[in-house]
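# Analysis of the macromolecular model
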Amino acid sequence: MRILKRLLVLLLALCIIAAAGLAYLLHRHPSLQPYDALRWQGGPAVSPELKVVFLGVSTVLLDDGETAILTDGFFSRPGKLQTFLGQVAPEDDAIARGLQRSGITEMKSRLAAVIPVHSHYDHAMDAPEVARRTNALLVGSESTANVGRGWGLPESQIRIANMREPMRFGRFTVTLFPSQHAPTGFTGGRIEAPLKPPIRAADYKEGQSYAVLVQHEKKSLLINGSAGFEPGALKDVRAAVVMLGIGSLGTRSDDYREAYWRETVATVQAKRVIPIHWEDFWLSSDEPMKPMPPPLDKFDVSMRFLHERGMKEGVDIRLPQQWQTMDVWRELHTP
């Protein structure tokens, strides 16, 4: 009995040490300093007609002064313990701060659509509340619609998107093409009924993933919010700039990274790639963005691949300016 007790104490101690070690690793973030040369260098001398603002994860705001559209709209950022061991729900104060900081509060009369790139909590959870506060449409799959319904968003503010069918919002044309989530343990599944938070983060199933093509007069931007792809889906698409999700890309094989580049960058003949969905989204959006810690991702591997591939093929790689207006087409020679 005494030996058994000692073994149990030893096992408990080892578990505590392992948990402490994992917690330590999950709070160590790769440095952005090695990529200073790739950082967006300040704002344009003149405010661009079409503003693009990166708000973290795959949340991107586009605004031409008359109409605005937003992908995802994720601001709540529940912490690691809450995400893995508890329940999650939209956080009113975090959403209010995010809308204020991004300028959406002032432009709410012109925010036309909120478009989650798929239905995981870090993309779709806050979207119905953002739509409710701004009178915007929630646009996406049936799974995303069920996130909206569970939150009480009226059907008049929910639109099920048809794949490859252009949607017009002011001078914006938005077309959703099939994509896939990066191949992780969270890939797949659909939300079959209205989803009412607080619930487990894992209850936010992927649903349909999209690559979002935004066209505005002669400008084109592709937003691929997850490091996954549907082979051949973008063969007829052209986009000068790709905002490219790279979350977990560093943990994939060399062959996968090559295929991802080919399907999402080379195929659309992009001239610039702006990596997104690379930061630790368990940190508050009030904090500076930091790359996802290992062992959850290998940010340095992803950035080295993009830099080498960009140098070889003449594609400009730029880390986005965070929460600041970017003219993402600046200095690009587009027809």
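Attention in this report is confined to the structure presented alongside it. Since we're looking at a predicted model, the values are computed, not measured.

So, about the packing of aromatic side chains. Taken as a whole and judged by the stated rule, the model has 11 aromatic pairs. Ring geometry for Y256 and Y260: centres 6.4 Å apart, planes at 15°, overall stacked. Taken together, the residues Y256 and Y260, both in helix α7 (residues 254-266) and 4 residues apart, mark about one turn of the helix. There is no split in this pair, since Y256 and Y260 are both buried. Three or more aromatic residues joined by ring pairs make a cluster, and in this case those are F74, F84, Y121, F281 and W282. Across the ring face of W323, the terminal group of R101 is positioned such that the distance to the ring centre comes to 4.1 Å.

Its boundaries defined by the atoms lining it, the largest pocket holds a volume of some 690 Å³. Forming the walls of the largest pocket are 32 residues, and the residues nearest its centre are H181, T184, F186, F281 and W282. Among the elements of the structure, α2 (80-85) and α4 (121-124) are those that each provide at least two residues to the lining of the largest pocket. Here the lining of the largest pocket is built from residues that sort into 14 nonpolar, 13 polar and 5 charged.

With that settled, the discussion passes to the pattern of salt bridges. One pass over the full model with this rule turns up 21 salt bridges. Among the salt bridges present, the one from D203 reaches R200, with a minimum N-O distance of 2.8 Å. In this structure R200 comes out as partly exposed when scored by relative accessible area, which is 48%. If you follow the salt bridges from partner to partner, you end up with E49, D64, E66, R171 and E217 in one network.

Before going further, it helps to spend a moment on unusual backbone geometry. Cis geometry is adopted by the peptide bond preceding P198, which originates at P197 and carries an omega value of 5°. Looking at the element boundaries, P198 is found in the loop between β8 (172-179) and β9 (209-216). For the bond from P294 to P295, the omega torsion is 10°, close enough to zero to count as cis. Following the sequence through the fold, P295 ends up in the loop between β12 (272-276) and α8 (299-313).

Quick look at the nonpolar core now. In terms of nonpolar packing, the biggest core is built from 87 residues, with L61, L62, L111, F169 and M243 touching the most fellow members. In this view, L111 contacts L61, A68, I69, L70, I104, V130, T134 and A136; residues no more than four positions away in its chain are not counted. Counting 14 residues, the second-largest nonpolar core is a separate cluster that includes V57, F74, V147 and M292.

Before going further, it helps to spend a moment on the environment of P116. Position of P116 among the secondary structure elements: in the loop between β4 (111-115) and α4. Considered as a pair, P116 and S141 are 25 residues apart in the sequence and their alpha carbons are 8.8 Å apart. With residues near it in sequence (within four places) discarded, P116 still touches D72, H123, A124, A127, L138, V139, T144 and Y210.

Thresholds, definitions, all that
- Residues numbered from 1 in each chain as written.
- Predicted model: local features only at pLDDT ≥ 70, side-chain atom pairs only at ≥ 80, totals over all residues.
- Heavy atoms only, no water.
- Phe/Tyr/Trp six-rings, centres within 6.5 Å; stacked < 30°, edge-to-face > 60°.
- Helix = DSSP H or I, 4+ residues; strand = E, 2+ residues; numbered from the N terminus.
- Buried < 20%, exposed > 50% of the residue type's maximum accessible area, 1.4 Å probe, protein only.
- Lys NZ or Arg CZ within 6 Å of the ring centre and 35° of its normal.
- 1 Å grid on protein atoms, 1.4 Å probe; cavity = no way out; pocket = protein on both sides within 12 Å on 5 of 7 lines; lining within 4 Å.
- Points joined across faces, edges and corners; volume = space filled by probe spheres on them.
- Nonpolar A, V, L, I, M, F, W, Y, C, P; charged D, E, K, R; others polar.
- Salt bridge = Lys/Arg side-chain N within 4 Å of Asp/Glu carboxyl O.
- Core = buried A, V, L, I, M, F, W, Y, C linked by side-chain atoms within 4.5 Å.
- Contact = heavy atoms within 4.5 Å.

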